[in-house]
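Read off the chains here:
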Amino acid sequence: MQNSAINVFLEGKNFLRLLEGLLITSKIAFISIFLGTILGILIGLSRTTKLKIVLFINRLFLELFRIVPLLVWLYIFYFGVTTALNIDLSGEIVSIIVFTLWGAAEMGDIVRGALQSLPKHQIESGKALGLNTLELYRYILVPQAVRRMVPGTINLATRMIKTTSLVVLIGVTDLVKVGQQIIETSRFQYPTAAFWVYAMIFILYFIICYPLSQISKKLERKWNS
Amino acid sequence: MITINKTNNPLLIEVKELKKNFDDKEILKGLNLSLHKGEVLVILGPSGCGKSTFLRCLNGLEKIQGGQIIFKTKNLTDKNTNWQEVREQIGMVFQNYELFPHMTVIDNILLGPLKVQKRDRSEALAQAEHLLERVGLLDRKNDYPRQLSGGQKQRIAIVRALCMNPEVMLFDEVTASLDPEMVREVLDVILNLAKEGMTMVIVTHEMSFAKSVADRIVFMDEGRICEISDPKEFFTNPKTERAKHFLNIFQY
């Protein structure tokens, strides 16, 4: 094992640096997921309105984030918005903003879909018991919608975690970037380092995504039993 | 059997010239009807005659375009009508036994009493359990709706509405989506309510049930009330040709 490339992780602070990269990745992903979910729920609820203007703005927002590649959004904010407004934002902040907005747009659609998929009779039964609109949402609609949202939400969260690898392109040193740096610097000492480093990156991504799909499975099992 | 004329009882709901449109289509073309305390009205009529829509107008699930609905002393066509308050007093059970699937039986029943009426939990629970016992489902109180049969769900839906202590109960074809062997258990519950003097408006296709439960039969066709009769008279000697024709379809 003396010359095995797996030792690349023992060189200097390589492994620690990978973990630091993981922390940046996780930070951007989880803050964005958290904020995006809250915003997304509000957006989703607002999409049940009949006000045309609200629906139009929501629709536009969702389509913009679906049609325009996320990388372009990162560039727009990192190079465009900062220059236009003459403000200084770090790549990390820009990443969190863009991922939050993307998460909010997609989450809004998940919430809307879940609410609209509930049978009309549920609303009428609630009304017939004398519930007002707020109580109807609180006790009848939202609890049922949440159950239907879980698979889509977990799917979105893992997609957001994985897509954070794009932030390298606006200069953020995330997990993937650290990996690349380690490969670069150890190229002569460990020619096969790429394999091991990427394998480790795979494992690290797996470690942060796997619990999410486990939670999803558990919740679904709990609510379906 | 001594028939008591309940039309001398105080008036609970009075409907005057009620009109309802869906877009351009006239569904209800001016209905007049009075419901007295303790009275059981059964509305019969062919599909699409507007009987379910009429029922839904009575507790504001459908907006009306003309006429008046007066509940006790309140005019429900008034713009400031507090429908939540009205619906506490006018209970309704639907065709598609819509219990809330994410709640247990007892939570379904207690939602209205606790959250809308803000009643004391132990008092509401006692009433709920008493009602459940009467429909023979006390042992299912901690089950989820998906664990129950259609007939059981419908009996729970009736209990849920009753637990609000309504003054009137509306039944909208409550046995229409049940398997035939479950129809009876639900109708028995309604029949017992009638015996206890509950005021009810029932839309149904169960003719012999209608005959035995109704104080008056209201026959509707094409958005109008064609006749209002005593049940015996309606089934043996209907006044209108349309009613005769309708009854013929049911005699196989």
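Residues numbered from 1 in each chain as written. Chains lettered and ligands numbered in written order. Predicted model: local features only at pLDDT ≥ 70, side-chain atom pairs only at ≥ 80, totals over all residues. Heavy atoms only, no water.

Trainee: An account of the sheet that holds strand E8 (residues 199–203) of chain B is requested, with residue identities and associated values reported.
Mentor: Residues and elements named next belong to chain B. Pairing in this open sheet of six strands is mixed, and the strands run E6-E7-E8-E3-E9-E10 from one edge to the other. A single partner strand is all that each edge strand has here, and the edge strands are strand E6 (90–93) and strand E10 (224–229). Strand-to-strand twist across the sheet, computed as the mean angle between neighbouring axes with direction ignored, equals 20°. In terms of strand pairing, strand E9 (residues 216–221) meets E10 through five bridges, oriented antiparallel. If you follow Ile217 over to E10, its bridge partner there is Ser229. Where helix H1 (residues 51–58) meets the sheet, it contacts strand E3 (40–44), E6, strand E7 (168–172), E8 and E9, and its direction lies at approximately 150° from that of E7. With respect to the sheet, helix H6 (residues 180–195) is in contact with E3, E7 and E8, its orientation differing from that of E8 by roughly 145°. (Pairing = 2+ DSSP bridges. Helix = DSSP H or I, 4+ residues; strand = E, 2+ residues; numbered from the N terminus. Axes fitted to C-alpha atoms, helices over the stretch in contact; angles between N-to-C directions. Contact = heavy atoms within 4.5 Å.)

Trainee: Run through the interface of chain A and chain B, naming residues and quoting values.
Mentor: The interface of chain A with chain B comprises 20 residues on the first partner and 22 residues on the second. Of the roughly 1900 Å² buried at the junction of chain A and chain B (both faces included), carbon and sulfur atoms supply 59%. Considering only the side of chain A, the residues that lose the most area to chain B are A:Ala128, A:Leu129 and A:Tyr139, jointly responsible for 31% of the buried surface there. Taken together, the links from chain A to chain B amount to one salt bridge. Between A:Glu124 and B:Arg56 there is a salt bridge; the shortest N-O distance is 2.5 Å. Here chain A and chain B share six residue pairs in polar contact (both at pLDDT 80 or more) between them. Elements with a minimum of two residues in the side of chain A that touches chain B: helix H5 (120–128), helix H6 (133–163) and helix H8 (193–224) of chain A. A total of seven residues in the side of chain A that touches chain B trace back to one element, the largest contributor, which is H5(A). (Buried area = accessible area lost by both parts, 1.4 Å probe. Salt bridge = Lys/Arg side-chain N within 4 Å of Asp/Glu carboxyl O. Polar contact = N/O pair within 3.5 Å; in protein donor to acceptor, adjacent residues only side chain to side chain.)

Trainee: Tell me what's going on with the side chain of B:Asp221, and back it up with residues and numbers.
Mentor: Counting through the fold element by element, B:Asp221 comes out in strand E9. Residues contacting B:Asp221, with those up to four places away along its chain left out, are B:Pro46, B:Cys49, B:Cys226 and B:Arg242.

Trainee: Hey, could you go over the sheet that holds strand E5 (residues 74–75) of chain B for me, with residue numbers and the actual values?
Mentor: Residues and elements named next belong to chain B. Strand order in the open sheet formed by four strands is E2-E1-E4-E5, and the pairing between neighbours is antiparallel. Every interior strand has two partners, whereas the edge strands, strand E2 (25–36) and E5, have only one. As paired elements, strand E1 (residues 11–22) and E2 share nine bridges and run antiparallel to each other. Along E2, the bridge assignment pairs Ile13 with Leu35. Packing of H1 onto the sheet brings it into contact with E1, E2 and strand E4 (66–71), and relative to E1 it is tilted by some 120°.

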